[in-house]
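# Close look at the chain arrangement
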Amino acid sequence: MKTMLFYFSGTGNSLQVCRDLAKELGNTEITPISKVVGNNPDFSADRIGIVFPVYMFGMPLIVKKFLEELNADKSRYIFAVATCGAKAGNTLRQADQLLKRRGLILAAGFIIRMPGNYTPLYGALPVKKQQKLFDRESNRIKEIACIIKNNNQHRIERDAFLVRGIFSVLYKKMSPLIPVMDKEFWVDEKCIHCGTCVKVCPVKNIKLVNRVPVWMHHCQQCFACLQWCPVEAIQCGRNTKSRKRYHNPTVKWEELA
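Read on for an overview of the structure. Just so it is clear, the model here is predicted, and its values are computed rather than measured. (Residues numbered from 1 in each chain as written. Predicted model: local features only at pLDDT ≥ 70, side-chain atom pairs only at ≥ 80, totals over all residues. Heavy atoms only, no water.)

## Observations concerning the pairing of strand β2 (residues 28-32)
Stated precisely, the cut-off is as follows: Strands qualify as paired when DSSP identifies two bridges or more between them. Each helix is a run of DSSP H or I of at least 4 residues and each strand a run of E of at least 2, with the numbering of both proceeding from the N terminus. Orienting the strands away from the viewer, one traces the path from the first strand over the helix to the second; a clockwise path indicates a right-handed crossover.
Pairing between strand β1 (residues 3-7) and β2: five bridges, direction parallel. Bridge pairing links Tyr7 to Pro32 in β2. In this view, the connection linking β1 to its parallel neighbour β2 by way of helix α1 (residues 13-25) has right-handed handedness.

Written as structure tokens, this is what we have:
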């Protein structure tokens, strides 16, 4: 059976999960959501998987748009994997509800903890702690692959009731503001005008004006620009300058460009 994995990834965690899952499943095609959203992609595979990070207590806006447009046969086995640094809240239930509006069923939904990347609040985890999460991810992928290979129904994973309730309210309030949250990004004197930020932005939200990055207010808050800057010249708010950056060590920025 053929599987198609559609992913969104800013710093590489979800891409790593896609690759690891594809290796376990075999006969799997991997496609970035940013390349196909709005373009009526092919959903002819037997199994369709959506892999994405949790942003602002819910799903990235581009993933929400992708699911709102997903036009697959009702016989397809559809599953989702949400990666997160801490809590996933009600994110996978949100995916389930969007698919139901399309007349589709989310057969399984999984949460995988990965190193976080929200630098305005914290710096990168120590390498040893990152490795522990990667080791757990490896084991978790094997468990998930066994479920998917057999086309098994599986509960849609979620956090505790109180966490889900709080995060759902916060997401509803904050998600409309996400596109313009890029007003907090700025560039310090270390900028070497290389354009890496432009190349890694999955939604083409950055352009160079007089060789300096300018954000155009359709941001996803993926932090690819900040995390992949080779000289750490991109900042967000007041506190990121002293914080350690993070991007997945198995992924190169060119693969996300």
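Following the structure, the description resumes.
## Considering the packing of aromatic side chains
As a reminder, the rule being used: Only Phe, Tyr and Trp rings take part, Trp by its six-membered ring, and two of them pair if their centres are within 6.5 Å. Stacked means planes under 30 degrees apart, edge-to-face means over 60, and tilted covers everything else. Using a 1.4 Å probe on the protein chains alone, a residue whose accessible area is under 20% of its type maximum counts as buried, one over 50% counts as exposed, and one in between counts as partly exposed.
Scanning all chains against the criterion turns up eight aromatic pairs. Judged by centre distance (6.1 Å) and plane angle (80°), the ring pair of Phe8 and Tyr55 falls under edge-to-face. Taken together, the residues Phe8 in the loop between β1 and α1 and Tyr55 in the loop between β3 (47-53) and α3 (61-69) connect sequence positions 47 residues apart. Overall, Phe8 belongs to the buried group, its relative accessible area being 1%. Following the ring pairs from residue to residue traces out a cluster consisting of Tyr118, Phe185, Trp215 and Phe223.

## A look at the sheet that holds β2
Formally: A fitted line through C-alpha atoms serves as each axis, taken over the contacting stretch for helices, and the angle formed by two N-to-C directions is quoted from 0 to 180°. Contact criterion: two residues are considered in contact whenever any of their non-hydrogen atoms come within 4.5 Å of each other.
Ordered in space as β2-β1-β3-β4-β5, the five strands form an open sheet in which the pairing is parallel. Either end of the sheet is taken by a strand with one partner, and the two such strands are β2 and β5 (106-113). When strand polarity is set aside, the average angle formed by the axes of neighbouring strands in this sheet is 20°. Here seven bridges tie β3 to strand β4 (residues 77-84), and the two strands are oriented parallel to one another. In the strand pairing of β4, Arg47 is matched with Tyr77. Set on the sheet, α1 makes contact with β1, β2, β3, β4 and β5; between it and β1 the angle comes to about 175°.

## Some remarks on the pattern of salt bridges
Any two side chains of opposite charge can pair, on the condition that their charged atoms come close. Basically, it comes down to this: A side-chain nitrogen of Lys or Arg and a carboxyl oxygen of Asp or Glu constitute a salt bridge if their distance falls within 4 Å.
With the rule as written, the count across this model stands at 10 salt bridges. Between Lys64 and Glu68 there is a salt bridge, with its nearest N and O atoms 2.7 Å apart. Residue Lys64 and its partner Glu68 are both found in helix α3; the two are separated by four residues, about one turn of the helix. Connected through salt bridges with shared partners, the residues Arg93, Asp96 and Lys100 form a single ionic network.

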